Structure formats: structure tokens, C-alpha cells
Amino acid sequence: MTTHNRGSTAVASKRLARAVLGAVCLIAAGLHGATAADLPQYDNYVHQGVASCASGVCHGSATERSSTNVLQNEYVTWTRLDGHANAYRTLLTEESQRIARNLGLPNAHEAGICLDCHADNVPVERRGPDFQISDGVGCEACHGGAENWLSSHTAPGTRHQDNLDRGLYPTSNVEARAQLCLSCHLGTEDKFATHRIMGAGHPRLAFELSTFSALQPPHWAFDDDYDQRKGIVSEFDTWTRGLMVAARESIGLLQGPLLHGNGMFPEIALFDCHSCHQPMSNLDWQPTVLTEGLEPGAIRLNDANFVLLLPLAEVLARPLHDRLLERIRGLNQSAARSRDAVAAASRQLASVVDELESAISRGADREARQRILEGVLTRAARGDYRDYVAAEQAAMAMDVLLISIDRWEDYKDRMDAIFATVEDDEAYRPQTFAAAADRLRRAL
Ligand code: HEC
Ligand code: HEC
Ligand code: HEC
Ligand code: HEC
């Protein structure tokens, strides 16, 4: 698999991004209700193209400016530092051409299944004169078609809500943002990196909103002015609310057409990649709290988007914890039975996730955040996150939680050591991860 190099780049650049972010004052803001805006790809507006945002007096300034509310160098950040600007060019590489060949496609850069995630792939009738598919994941792939707000959004007196009313996608709303990112980084029923695409050579996908926002990197500043206009959501709340959306989206996928397609098996990319892909000489199978009841040799579902809800529930909604654990186990066990059992178990899990919502939306004070971190570390140290995908999510959680209690600087080295153990999924050893987590736990 081709994921390990990217993993190491990700972890390296993450340290830089975090150092900058850590210095920003993060304030928990009032919560905004989730909105049901259409994702930009399916909105009703003409997409004008990156060129219409990129002028030097608009968002293409070489440096940050202070004359308006926003930085104005967004285009430069995006084009120089943000992988999304490169997403279309990726489809021209030898790696992509090989994937396309394996899938029987003439090429990757004209294939809808690739463009849906690697570009702003709106239908031709919604492409304005300056629109270029080669812009990749451009401004309007996230901010929505600018047809009705491009000229008005800079007019004096225009409020954020006015722009939203005219079709700006609500990226400022954490739930809507998470849903947007996950539409490509997890996939949906309409666009999904299936195991057929993975088998042809596509890298594995993983996502966590807070970490990936830092990695992007941000072309916005969470300052006082931003807070007044949109309300800053803390790193902690971004993490928890992103997790909730990821859990719901994953549950949705487990009940939809991907469960039923694909011959003998449900869509294989719904499973934990490493439950099939690992060297046979790794004789380290053992049950965990989460997979209790599963036999050796069982193919496991990917439960990475659920497991971090447990330490959250333990602190924020204690009565729900045991039921949540039971439902996650139930889901894991259902995969050994039948598709109907998976659908039923995921519905049962969904109802506990719904119950968790109000506790999550209340946020958590510092003491509670510290206890959640201790909960994650205790579970990591005792081996609950043996599966690579769970360990990866747990490592990102620890990082966010250290930031959320202002201790990131103090434990940076221990955190680096933990990230090092999950840097390469093929070299991952559960014991090494558990030991590194235990060292942070004891140091805290
Ligand atoms: C339209 C699909 C799409 C959307 C929406 C999207 N991404 Fe991406 N993202 C991609 C693709 C495709 C790549 C890979 C780009 C490449 O290297 O070719 C990527 C890459 C990234 C990377 C770099 C990953 C790495 O390993 O270096 C980060 C970080 C990221 N996205 C974060 C986000 C965040 C945060 C959001 C939501 C605000 C988001 N993305 C929304 C498609 C999308
Ligand atoms: C469901 C959305 C989705 C689909 C469909 C999809 N990709 Fe991707 N692709 C991504 C994301 C997201 C990433 C970045 C993953 C990361 O780094 O976390 C990515 C990464 C890649 C990479 C690695 C890029 C790098 O910088 O290393 C290649 C190559 C690639 N995709 C090619 C393709 C091709 C070819 C197709 C069509 C057959 C395709 N993708 C379909 C979402 C998708
Ligand atoms: C992968 C998704 C993504 C892409 C691509 C993207 N943005 Fe953003 N943008 C965001 C997110 C997330 C935020 C922060 C939340 C918010 O305020 O909406 C943001 C915020 C902004 C802001 C508001 C800052 C503030 O202080 O209110 C501007 C302006 C902006 N982006 C411009 C651009 C421009 C111009 C481009 C293209 C060159 C672009 N964005 C591309 C996701 C994206
Ligand atoms: C149910 C078991 C199973 C699961 C789960 C699984 N795979 Fe596979 N994978 C296979 C099999 C079988 C092959 C075909 C191997 C062959 O042809 O030699 C394969 C092939 C591949 C290949 C191509 C390797 C080659 O020889 O070129 C890649 C890459 C891959 N899988 C990635 C993934 C990713 C990423 C995931 C998780 C999203 C995943 N797999 C989940 C069983 C699985």
C-alpha cells in the first residue's frame, strides 16, 4: 500500500501547524444548529472558478492584509500550501494513470469517479466562463457556487448570514463543515473510494476534523473579529462535533446500498483494511474490549469513527457509556452474521449516538477535558486501540485534548513519540503504541 509516506508527511507538517495553532486563543463559542445546506457539488448555483476569487485586491494578496475582515491571501495559501489545489494534478500522475488502467478507464483526469473528489465536479451547465476543472478542489468546492454572492459579498454592510442566504456553503458551521470534508475524506453513497478503487492502488482514507483543519492548513484566522462575525468553536468542540458527524455518516454508509452491493461481500472498504491486510507472521491476535465476542480470524468492520465516543461518554454522559460499548460490540459482532444484522446493529448504535448529542453539544470544562484525555490514554495503554485505525484516531484525539487543556507544549515530545508509532500503518505494532501512550499517561 502507498499510505505510509503520506502518513509521515502528514505527521511532520502537523507538528508545524499545531505549533502555530496552539498560540491562537481558542474560545468555546455558542453552538450553531446544524444546517441542511446542499453540499457545494450539488447546489443550485453557477460555480465561477478560482480565477474569480484570486485577484490581488480580493483573495490573491501575497501577504495578509488588515483592511478587511479576512486575510485576503487565501488564494496564495491554498495554491502554495493546500493539497486541495493539487488534487486535479494528482490525477495526471503515473500513480493515477495506473489506478485508471487497473479500473479499465481511459484516464483518471476525465473519469467522474475520480473528479467527484479531486475537483469541483459540477455539471457543465453550472460552470461559469472562468471555471476550470483543473483548479482541483477549488474555493467553490467548499464555499459553494458564487453565482449569487460573488458581487454582493464585499458590499458594505453585508453580513455572513446574507451570504449564506445567497448560497455560500456554511463552512463556519462545524457540523456542515465536517459533512463537507467527510463527503470526500470518508465518502458518501454517491461517491465512494470502493475497495475496487483501493485495490487498483488508491491510498486508504482517514479523517479527523480538528487535525485535518490544522493540516490543510487554515487560510482563515480565528481572531476577535472572526468571533464576532461567526463565533469561534474551540478545538475540543470541533473534535467532538466532528466525531459525531463522522459516526453518523459511517452509520449511514453501513445501512445504505454499499452494504448490499458487491456480490458475496458488502463493500469491502467498509471493513478495517488491516483485518485482512497484514503479514501472516504477525501472530498477535487477541480480543479487545471492543471486539469481545468475535472469533479469531473474523473480518472486522471499521469502527474507528465510533470508538473515541466511549471516553467522551464516560465523562460527559456516564449512563450512556455501557450501552454505547454494548452497541459498538454488537455492530462488530453483527458482521459475522449477515447484512441484515449489520443494518440492525448500526441502527441500534445510531440511537445511542443520538442520545449522546445533547451532552456533546454542552461542551466540557477543563477538568472534564482532562478526564477525557486520561480516559483515552488509559484505554490506549491497556490495548483497547489495537486496531491501527483506532490507534490513529486515538493519537489525533490525544493531540487535540492536550491542546484543549493547554498542555501541548509540555508534552510535545511524548506526543511525537506516540505519532511515530502510528506513522506507518505497515510497521504498526499495538504494543509499541500502547507503551508510548502509557508513558504520556504516567507523565501527565
Ligand atoms: C471535493 C472533495 C474534498 C473536500 C470537500 C475536502 N477535501 Fe480534503 N482532500 C481531497 C483530496 C482529493 C485530497 C488529496 C489531494 C491530493 O494530494 O491530490 C485532499 C487532501 C486533504 C488534506 C491533505 C492530506 C494529507 O495527507 O496530506 C487535508 C489535510 C485535507 N484534505 C483536509 C480537508 C478538510 C479539513 C476539509 C473540509 C474543510 C476537506 N479536506 C474537504 C478532497 C476533498
Ligand atoms: C471518495 C472520494 C475519492 C474518490 C472517489 C477518489 N479519491 Fe483519490 N483521494 C481522495 C482523498 C481524500 C485523498 C487524500 C487522502 C489523504 O491523504 O488522507 C486521495 C488521494 C489520492 C491519491 C494520492 C495522492 C497523493 O498526493 O499521494 C491518488 C493518486 C488518488 N487519490 C487518485 C485517485 C483516482 C485516480 C481516483 C479515481 C479512480 C480517485 N483518486 C478517486 C478522495 C477520493
Ligand atoms: C477544503 C475546503 C476549502 C477550500 C478548498 C477553500 N476554503 Fe476557504 N474556508 C474553508 C473553511 C473550513 C473555512 C473556515 C470556516 C469559515 O469561516 O467558513 C474557510 C474560510 C474562508 C474565508 C473566511 C475567513 C473569515 O475570516 O471569515 C475566506 C475569505 C475563504 N475561506 C476564502 C477561500 C478562497 C478564496 C479559497 C480558494 C482560493 C478557499 N477559501 C478555498 C474551507 C475551504
Ligand atoms: C475482506 C478482506 C479485505 C479487506 C477488509 C480489505 N482488503 Fe484490500 N484486498 C483484499 C484482497 C483479497 C485483495 C486482492 C489481493 C490480490 O489480488 O493479490 C486486496 C487488494 C488490495 C490492494 C491491491 C494490492 C495489490 O496487490 O496491488 C490494495 C491497495 C488494497 N487491497 C487496499 C485496501 C484498503 C485501503 C482497505 C481498507 C479500506 C482494504 N484493502 C480492505 C482483501 C481485503
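Here is what the cut-offs are and how they apply
Residues numbered from 1 in each chain as written. Chains lettered and ligands numbered in written order. Predicted model: local features only at pLDDT ≥ 70, side-chain atom pairs only at ≥ 80, totals over all residues. Heavy atoms only, no water. Helix = DSSP H or I, 4+ residues; strand = E, 2+ residues; numbered from the N terminus. Rg over C-alpha atoms; globule rule 2.2 N^0.38 Å. Buried < 20%, exposed > 50% of the residue type's maximum accessible area, 1.4 Å probe, protein only. Contact = heavy atoms within 4.5 Å. Areas by Shrake-Rupley, 256 points an atom, 1.4 Å probe, with all protein chains shown as cover. Lys, Arg positive; Asp, Glu negative; His and termini not counted. Charge placed at Lys NZ, Arg CZ, Asp CG, Glu CD. Salt bridge = Lys/Arg side-chain N within 4 Å of Asp/Glu carboxyl O. Donors = N, O, S within 2.8 Å, 3.2 Å for Na, K, Ca; no water. Near = heavy atom within 4 Å. Polar contact = N/O pair within 3.5 Å; in protein donor to acceptor, adjacent residues only side chain to side chain. Nonpolar A, V, L, I, M, F, W, Y, C, P; charged D, E, K, R; others polar. Core = buried A, V, L, I, M, F, W, Y, C linked by side-chain atoms within 4.5 Å. Domains from an automatic or database assignment. Tetrahedral: all angles 85-135°; square planar, octahedral: opposite > 155°, others 65-115°. Buried area = accessible area lost by both parts, 1.4 Å probe.

Across its full length, the chain holds 22 helices and 0 strands. Computed over its C-alpha atoms, the radius of gyration of the chain comes to 22 Å, within 12% of the 22 Å expected for a compact globule of 444 residues. Looking at the chain residue by residue over its 444 residues, the buried ones come to 52%. Excluding contacts between residues fewer than 6 apart, the proportion of contacts in the chain whose partners are at least 24 apart in sequence is 73%. Accessible area of the chain: about 20300 Å², with a carbon and sulfur share of 52%. Averaging the locations of the 43 positively and 58 negatively charged side chains of the chain gives two centres separated by 4 Å.

Our focus in this paragraph is the pattern of salt bridges. Under the definition given, this model contains 19 salt bridges. The partner of Arg 318 in a salt bridge is Asp 322, and the shortest N-O contact between them spans 3.7 Å. Residue Arg 318 and its partner Asp 322 are located together in helix H17 (residues 318-334), separated by 4 residues, close to a single helical turn. A salt bridge links Arg 371 to Glu 367; the nearest nitrogen and oxygen atoms lie 3.0 Å apart. Within this pair, Arg 371 and its partner Glu 367 are both found in helix H19 (residues 366-382), separated by 4 residues, close to a single helical turn. Since its relative accessible area comes to 38%, Arg 371 is described here as partly exposed. Connected via shared salt-bridge partners are Arg 204, Glu 392 and Asp 425.

Looking at the metal site, the iron atom of ligand 1 is ligated by His 84 (NE2) and His 185 (NE2), spaced 2.0 Å from it. In this structure His 84 comes out as partly exposed when scored by relative accessible area, which is 22%.

What follows deals with the site of ligand 3. In the vicinity of ligand 3 there are 20 residues, among which Cys 139, Cys 142, His 143, Thr 171 and His 219 approach most closely. Between Tyr 226 and ligand 3, the recorded distance is 2.7 Å, taken from a side-chain N or O atom to an oxygen atom. Put simply, the parts of the chain that give the shell around ligand 3 at least two residues each are helix H2 (74-81), helix H6 (139-143) and helix H11 (224-229).

For the rest of this paragraph, the subject is the site of ligand 1. Ligand 1 sits among 19 residues. The nearest are His 84, Thr 90, Cys 181, Cys 184 and His 185. The side chain of His 84 places a nitrogen or oxygen atom 2.8 Å from a nitrogen atom of ligand 1. In the model, an oxygen atom of ligand 1 is placed 2.4 Å from a nitrogen or oxygen of the Thr 90 side chain. Those elements that place two or more of their residues in the shell around ligand 1 are helix H3 (87-90), helix H5 (112-118), helix H8 (174-185) and helix H10 (209-215). Element by element, the count of residues in the shell around ligand 1 is highest for H8, at 5 residues. Looking at side-chain class alone, the shell around ligand 1 contains 9 nonpolar, 8 polar and 2 charged residues.

In terms of nonpolar packing, the biggest core is built from 82 residues, with Trp 239, Tyr 385, Met 398 and Phe 433 touching the most fellow members. With 12 residues, the single largest contributor to this core is helix H20 (residues 388-404). Looking at which domains feed residues into this core, each of domain 1 (3-233) and domain 2 (238-443) gives three or more. When near neighbours in sequence (up to four residues on either side) are disregarded, Tyr 385 contacts Val 307, Leu 308, Pro 311, Val 376, Arg 379, Ala 380, Ala 390, Ala 391, Ala 394, Tyr 428 and Phe 433. With 8 residues, the next largest nonpolar core counts Leu 91, Ala 108, Ala 111 and Ala 119 among its residues.

Attention now moves to the coordination of the iron atom of ligand 4. The coordination sphere of the iron atom of ligand 4, as far as protein atoms go, consists of His 195 (NE2) and His 277 (NE2), spread over 1.9 to 2.0 Å. Considering all 6 donor atoms around the iron atom of ligand 4, the spread of angles at the metal, 87 to 178 degrees, places the coordination shape in the octahedral class. Here His 277 lies in the loop between helix H14 (273-276) and helix H15 (304-307) and His 195 lies in helix H9 (residues 195-199), a separation of 82 residues in the sequence. Judged by relative accessible area, His 195 falls into the partly exposed class, the value being 29%.

We note that the domain assignment places domain 1 (3-233) and domain 2 (238-443) within the chain. Taking only C-alpha atoms, the centre of domain 1 and the centre of domain 2 are 26 Å apart. Tallying the contact residues gives 35 residues for domain 1 and 39 residues for domain 2. Between domain 1 and domain 2 the total buried area reaches about 3200 Å² when both faces are included, carbon and sulfur atoms providing 63% of it. It is helix H1 (residues 3-22) that provides the largest number of residues to the side of domain 1 that touches domain 2, a total of 9 residues. Grouping the constituent residues of the side of domain 1 that touches domain 2 by class yields 15 nonpolar, 12 polar and 8 charged.

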